[in-house]
Amino acid sequence: MSLPKTLAEDVARNLVMVARLLDEDPEQAYAYSRIALRLASRVAAVREAAGFAAYATQKYAEALAEFRASRRMTGSVELWPVMADCERGLGRPERAMAMAGEPEVQKLDKAGQVEMRLVAAGARRDMGQIDAAIVTLQSSELASSAVHPWTPRLRYAYADALLAAGREDEAREWFGKALEADKDGSTDASDRLAELDGVEFVDALGDDDEDSTPASVAAPAVADDRDEEDDENDEDDADDADDEDGPVKA
């Protein structure tokens, strides 16, 4: 609303394309976000969209800069968990852990606090502290039988951490609980369960030959994996030059 009508429409079209392509074609979504950013860099929604597009393409330093800019403009703490996850992506899990202890976390809604817990557990795993990661995920939200949008991911992360600690029976139980809550298929809990149980899938559309070779079950990627960026930009370099506001206090 702060932009002239024609410019506002151009920016809006690019933001729509970012939203449409973010999951299926992150690189293309990123390209649209850069156009919107050139057109309206002082609009918070544009900076946020650019941040998520950069995050989806693992450009973590750039994503962090955009999220910080959006936060300066709005004063909102909503992006705090994803900012901490960017620190993980940059190979700085200790900074993510520090952010998990900041007062901003208490200002998050329940979904945001669960997301922050997931990020903190991931940071613990990054540092090789698997038992601490398991403890971090143990919470009233995990123990609750109520199902919320974040429930499948929380249970899945807990199961995955248990498996990494060699606690296979418990991991199987929690992958099962994640699957029960995952009505939209947001996790690959069913594949993980099948893998643990040694289940192999046969291509039902193939030949009827009894000697048909069953399809192999691929091991899914662990959600906590991060490709470290080679970019060695310091935290200060992440702050945008065209923002006149001072840097956000970490």
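Relevant structure appears above.
These numbers were taken from a predicted model, which means no experiment stands behind them. (Residues numbered from 1 in each chain as written. Predicted model: local features only at pLDDT ≥ 70, side-chain atom pairs only at ≥ 80, totals over all residues. Heavy atoms only, no water.)

Undergrad: Mind showing me how you'd approach helix 4 (residues 60–74) here?
TA: Given 3.6 residues per turn, any residue in an α-helix points the same way as the ones three and four places further on. Over its 15 residues, helix 4 runs 21 Å from end to end, which matches the ideal 21 Å to within 8%, given 1.5 Å per residue. In terms of burial, helix 4 is a largely internal element, twelve of the 15 residues being buried. Looking only at helix 4, the buried set comprises Y60, A61, A63, L64, A65, E66, F67, R68, A69, S70, R71 and R72. On its buried side, helix 4 packs onto helix 2 (26–39), helix 3 (44–56) and helix 5 (80–89). Two residues or fewer after helix 4 comes G75, characterised by a positive phi angle close to 75 degrees. (Helix = DSSP H or I, 4+ residues; strand = E, 2+ residues; numbered from the N terminus. Expected span 1.5 Å × (residues − 1). Buried < 20%, exposed > 50% of the residue type's maximum accessible area, 1.4 Å probe, protein only. Contact = heavy atoms within 4.5 Å.)

Undergrad: Would you explain helix 10 (residues 151–164) in this entry?
TA: A rise of 1.5 Å per residue sets the reference length of helix 10, with its 14 residues, at 20 Å; its end C-alpha atoms lie 20 Å apart and thus fit the reference within 8%. Within helix 10, eleven of the 14 residues are buried, which leaves the element mostly enclosed by the surrounding structure. If you check which residues of helix 10 are buried, you get T151, P152, L154, R155, Y156, A157, Y158, A159, D160, A161 and L162. On its buried face, helix 10 is in contact with helix 7 (110–126), helix 8 (130–137), helix 9 (140–143), helix 11 (168–181) and helix 12 (189–196). Downstream of helix 10 by a residue or two, G166 has a phi angle that is positive, lying close to 85 degrees.

Undergrad: Where do I start with the packing of aromatic side chains in this structure?
TA: Two aromatic rings are characterised by how far apart their centres lie and by the angle between their planes. Applying the stated criterion across every chain yields a total of four aromatic pairs. Aromatic side chains Y55 and Y60 sit 5.8 Å apart centroid to centroid with 75 degrees between the ring planes, which places their arrangement in the edge-to-face category. Classification of Y60 as buried rests on a relative accessible area of 4%. Pairing Y158 with W174 gives two aromatic rings, centres 5.1 Å apart and planes at 90 degrees, and the pair type is edge-to-face. With Y158 in helix 10 and W174 in helix 11, this residue pair connects regions lying 16 residues apart in the sequence. What makes Y158 buried here is its relative accessible area of 6%. Here W174 falls in the buried class, since its relative accessible area comes to 13%. A cation over an aromatic ring shows up here: K59 above the ring of Y30, its NZ or CZ 4.4 Å from the ring centre. (Phe/Tyr/Trp six-rings, centres within 6.5 Å; stacked < 30°, edge-to-face > 60°. Lys NZ or Arg CZ within 6 Å of the ring centre and 35° of its normal.)

Undergrad: Please clarify how the packing of helix 5 against helix 6 (residues 93–100) should be interpreted in this entry.
TA: Helix-helix packing: each pair is described by the crossing angle between the helix axes and the interaxial distance. Where helix 5 contacts helix 6, the two axes come as close as 7 Å, and the packing angle between them is 160 degrees. With respect to helix 6, the axis of helix 5 lies roughly antiparallel. Crossing angle aside, the handedness with which helix 5 passes helix 6 is left-handed. For the pair helix 5 and helix 6, the contacting residues are W80, M83, A84, E87 and R88 in the first and P93, R95, A96 and M99 in the second. For the contact of helix 5 with helix 6, the class distribution of residues is six nonpolar, no polar and three charged. (Axes fitted to C-alpha atoms, helices over the stretch in contact; angles between N-to-C directions. Parallel < 35°, antiparallel > 145°, perpendicular 65-115°, else oblique. Left-handed = near helix turned anticlockwise from the far one by under 90°. Nonpolar A, V, L, I, M, F, W, Y, C, P; charged D, E, K, R; others polar.)

Undergrad: Can you help me understand the nonpolar core in this one?
TA: Among soluble globular proteins, nonpolar side chains are generally buried collectively. With 27 residues, the main nonpolar core has F67, W80, M83, A84, C86, L108 and M116 as its most contacted residues. For this core, the secondary structure elements donating two or more residues are helix 3, helix 4, helix 5, helix 6 and helix 7. Here A84 is in contact with A96, M99, M116 and V119, once residues within four sequence places are set aside. In terms of nonpolar packing, the next biggest core, distinct from the first, is built from 22 residues, A133, W150, Y158 and W174 among them. (Core = buried A, V, L, I, M, F, W, Y, C linked by side-chain atoms within 4.5 Å.)

Undergrad: Explain the pattern of salt bridges here, please?
TA: Any two side chains of opposite charge can pair if their charged atoms end up close together. Taken as a whole and assessed by the stated rule, the structure comprises 19 salt bridges. Measuring nitrogen to oxygen at the nearest pair gives 3.3 Å for the salt bridge that ties E104 to R71. With E104 in the loop between helix 6 and helix 7 and R71 in helix 4, this residue pair connects regions lying 33 residues apart in the sequence. Comparing E104 with R71, the two get one shared label, buried. For D126, the salt bridge is made with R88, and the minimal N-O distance between the two is 2.7 Å. (Salt bridge = Lys/Arg side-chain N within 4 Å of Asp/Glu carboxyl O.)

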